[in-house]
Structure formats: structure tokens, C-alpha cells
Amino acid sequence: MALDPAEPHLRRVEKDVLIPKIMREKARERCSEQVQDFTKCCKDSGILGVVKCQKENSALKECLTAYYNDPDFHEECKMEYLKQREEFRKTGIPTRKRLRKLPTSM
């Protein structure tokens, strides 16, 4: 049975693991200011970062949670995943390897 590259059905692991992974990565990129603030605070505070960085941690959690709960963002990440999966099914090359390959010139 050959898989149709464009078939939109998602397996449980895709719904529960792979798409949320893309969502986390994209949300961290979009909340980069809060991530940087929290990281800087933790580095400056050392062991006391848990206590001293509550404000930065709350801001980071709020930003990430807003993206995680946004149905449009979920749909965007789902479509990105389906596009990657379709490309993999056509070529057999994972996205990571395809992006790392540089064209050689003669």
C-alpha cells in the first residue's frame, strides 16, 4: 500500500507529538524577547533564579500559552507539518537533511 503524499489524515503521534513540537519551536521564536529576558535573568541570578525571575518566567509562560491556545497558530503548524511530510513522502529525504545539503558548483 503506497502512501499518498498529499493525504491529510494524521496519526496519533503526529497530532500529539510532532505538531506540538513544531508549535513549541515556532512559539519560542515568536516569544524570543521573553526567552532572552528570562535567560538573562537566570544567568544573572544563578541559583536564586527561581525566586528572582518570577516576573520574567510569568511573561514567558503567558506568551507561550497564548500561542499554544491559538487555533489559527495550531492550524498553521499543522499545515507546515503536512507540507514537510508530503515533501518527505515524495523525496524520501527528511527536511533536516534536505536543508543541510548545499548545492555544489563546478
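About the cut-offs
- Residues numbered from 1 in each chain as written.
- Predicted model: local features only at pLDDT ≥ 70, side-chain atom pairs only at ≥ 80, totals over all residues.
- Heavy atoms only, no water.
- Salt bridge = Lys/Arg side-chain N within 4 Å of Asp/Glu carboxyl O.
- Helix = DSSP H or I, 4+ residues; strand = E, 2+ residues; numbered from the N terminus.
- Buried < 20%, exposed > 50% of the residue type's maximum accessible area, 1.4 Å probe, protein only.
- pLDDT = per-residue confidence, 0-100.

This paragraph deals with the pattern of salt bridges. Taken as a whole and assessed by the stated rule, the structure comprises 8 salt bridges. We note a salt bridge from E80 to K26, for which the minimum N-O separation is 3.1 Å. On the criterion of sequence distance, the pair formed by E80 in helix α5 (residues 71–91) and K26 in helix α1 (residues 12–30) is long-range, its members being 54 residues apart. Close ionic contact of K90 with E86 constitutes a salt bridge, the shortest N to O distance being 3.4 Å. Highlighted residues: K90 and E86, both in helix α5, separated by 4 residues, approximately one helical turn. The partly exposed category is assigned to E86, whose relative accessible area is 25%. What you see here is one network of salt bridges that share partners, running through K26, R30, E76 and E80.

Once that is clear, we can look at the confidence of the model for the chain. Looking at the chain as a whole, its pLDDT mean stands at 86, while 84% of the residues score no less than 70. Model confidence for the chain, summarised as mean pLDDT per element, is weakest for helix α6 (residues 95–100) at 62 and strongest for helix α4 (residues 54–68) at 96.

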